[in-house]
Each structure stands twice: as C-alpha cells, then as structure tokens.
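Overview (structure and organization)
The primary structure of each chain is shown beneath.
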Amino acid sequence: MKGLFITFEGPDGSGKSTQLQLLAEKLTNDGLEPLVTREPGGTYISDKIRALLLDPEHKGMIHQTEVLLYAASRAQHVHEKIIPALQQNRIVLCDRYIDASIAYQAYGLGIDLDVVSLISQFASSGLKPSRSYFMDLPVELSRERLLSRNGGATGAGLDRIEQRDENYHSRVRQGFLNIAASEPERVKLVKADRPAHVIAEEIAEDFVKLYTPGLRS
Ligand code: TYD
C-alpha cells in the first residue's frame, strides 16, 4: 500500500494531540493535505462507539466489552477511512491506534497481551503504522495537566478512562515504554516535558526522514 500512516500516542495530558495538530499544520502548509483522524472514533459509526466507551456513566462496562468496543471502532475506522486514504497515496495522522489498546487494556487492565494483539490485528486487517510518536511524561505531571484542564482536583470533566486511578495510569505508561523498547524501528519516544515548539521541531525532523516525495500534494 502507498501513503504513509503515522500515529501519536501517550498518556492523557501528554500533549500528543497538540503535536499531531502542529505536524498537520506543517504538512498542510507544505501542500501535502494530510488526513487527520483519531481513535476511538474517526467515522460516524466509530464516533457512536467512542461515546459508549468514554461515557463516565458506563461504570458497569466489563473489560471484555471495553476491548471489543475499541476494536470495533478501529475496524470501522481502518476500513472505511484509513485504508482508502492510504490507497490514494495520502499521509494519515492518527491520534491513537493499536498501541493504546496494548497500553490501556493489556497493561492497564491486565488483559492477556496476546488476546488484545490478536483482536486488534483482526480489527485492523494487520495494518501497522510506519511511525508512532510516543509522548512520554511522568504520571504525576500528565495527571496534573489533565486535571487543570478538567475541573481541577475534582476532575469533574474527565472521561471514563481518565477517571481511573494513578496506579492504572502508571501501568499504562509502563506499557507504552515497553512497546517503545521492543519496537525501536517504528516507535520514537519523545520527552514531553519540554516546550511544545521544541518537541514539534524534533518530530518534524524525524518525519522528513520518513517522507518520500511523490506523496499526494
Ligand atoms: P483520547 O482521544 O486520547 O482522549 P481525549 O479526547 O481526551 O484526548 O482517547 C480517549 C481515551 O481512550 C483515552 O483515555 C485512551 C483510551 N483508549 C484506550 O483505552 N484504548 C484504545 O485502544 C484507544 C484507541 C484509546
């Protein structure tokens, strides 16, 4: 398949969405028309599944349901939106993907890693990103940033996953670090406790090495 598939990952509050937007702006200014999308979500059906997953009222959702809903959202998104864009030779920038299921569901919830991998592979028909940028930040810092954006210490605006405790989020961070260590070719670990423009430059420099002129402009 042509095109270039790039993902952004990291804990909630790590600044990954900001970095994705900054790279998207740069590519747009360069005339490259990237497709910007996100998980869970990205299509009409996937956005409905996102709402089910993140609703803080859905405290009764069991772990298996959570894994399968993330995968269901992904299946629809990959086949309806990402693969067609790559077939048109486009650059796709996606906010979260399979690594999030490994970190949040396998490491975070303690679900068998092979099970989560297999389900994710089925959902995505094996589509892997060419590069994944992992924003890394100590858990206390990412929680602080998240809370300051969402109603202070009460965390009133947090979604169902963000509401989980600090131990859960420490396991998620460790999950991301483990994936990064096991796939250094694909994953670029980015220290996220620096000014946004410094991080953006580092990502842009790395991106240039991946980019093959001739992708759609
Ligand atoms: P995200 O879009 O990053 O949240 P926000 O819009 O607040 O930036 O992701 C929503 C949540 O879903 C986030 O807490 C991470 C979680 N998530 C999983 O647990 N597993 C997954 O496979 C994905 C894609 C996300």
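As the structure is a computational prediction, the values presented were derived from the model and not from experiment.

1. Focus: the nonpolar core
In this structure, Phe 5, Leu 53, Ile 82, Val 92, Tyr 104 and Leu 127 are the most contacted members of the largest nonpolar core, which totals 35 residues. When residues of this core are assigned to their parent elements, the largest contribution, eight residues, is made by helix 3 (residues 63–87). If near-sequence neighbours (up to four positions away) are discounted, Ile 82 is found in contact with Phe 5, His 77, Val 92, Cys 94 and Leu 127.

2. Here we look at the sheet that holds strand 1 (residues 4–9)
Strand order in the open sheet formed by five strands is 2-3-1-4-5, and the pairing between neighbours is parallel. Only two strands of the sheet have a single partner each, and these edge strands are strand 2 (35–38) and strand 5 (187–191). Averaged over all pairs of adjacent strands, the angle between strand axes in this sheet comes to 20°, irrespective of strand direction. By the bridge criterion, five bridges tie strand 4 (residues 131–136) to strand 5 in an arrangement that is parallel. By the bridge assignment for strand 5, Ser 132 is matched with Val 187.

3. So, the pattern of salt bridges
Evaluated as defined, the whole model comprises 15 salt bridges. Residue Glu 66 is joined to Arg 160 by a salt bridge in which the shortest nitrogen-to-oxygen separation is 3.1 Å. Residue Glu 66 is located in helix 3, and its partner Arg 160 is located in the loop between helix 6 (139–149) and helix 7 (166–182); the two are separated by 94 residues in the primary sequence. The pair Glu 66 / Arg 160 is uniform in exposure class, with both members buried. Note that Arg 173 and Asp 136 form a salt bridge whose closest N and O atoms lie 2.8 Å from each other. Of this pair, Arg 173 sits in helix 7 while Asp 136 sits in strand 4, and the two are 37 residues apart along the sequence. You can call Arg 173 partly exposed: its relative accessible area is 23%.

4. Thoughts on the environment of Glu 39
For Glu 39, the position within the fold is in the loop between strand 2 and helix 2 (44–54). Residues Glu 39 and Gln 21 lie 18 residues apart in sequence; the distance between their C-alpha atoms is 15 Å. Residues within four places of Glu 39 in sequence aside, it is in contact with Arg 50, Arg 74, His 77, Val 78, Cys 94, Asp 95, Arg 96 and Tyr 97. In this structure the side chain of Glu 39 is engaged in a polar contact, spanning 2.6 Å, whose partner is the side chain of Arg 74. Here His 77 takes part through its side chain, which lies 3.0 Å from a polar atom of the side chain of Glu 39.

Conventions used here
Residues numbered from 1 in each chain as written. Predicted model: local features only at pLDDT ≥ 70, side-chain atom pairs only at ≥ 80, totals over all residues. Heavy atoms only, no water. Core = buried A, V, L, I, M, F, W, Y, C linked by side-chain atoms within 4.5 Å. Buried < 20%, exposed > 50% of the residue type's maximum accessible area, 1.4 Å probe, protein only. Helix = DSSP H or I, 4+ residues; strand = E, 2+ residues; numbered from the N terminus. Contact = heavy atoms within 4.5 Å. Pairing = 2+ DSSP bridges. Axes fitted to C-alpha atoms, helices over the stretch in contact; angles between N-to-C directions. Salt bridge = Lys/Arg side-chain N within 4 Å of Asp/Glu carboxyl O. Polar contact = N/O pair within 3.5 Å; in protein donor to acceptor, adjacent residues only side chain to side chain.

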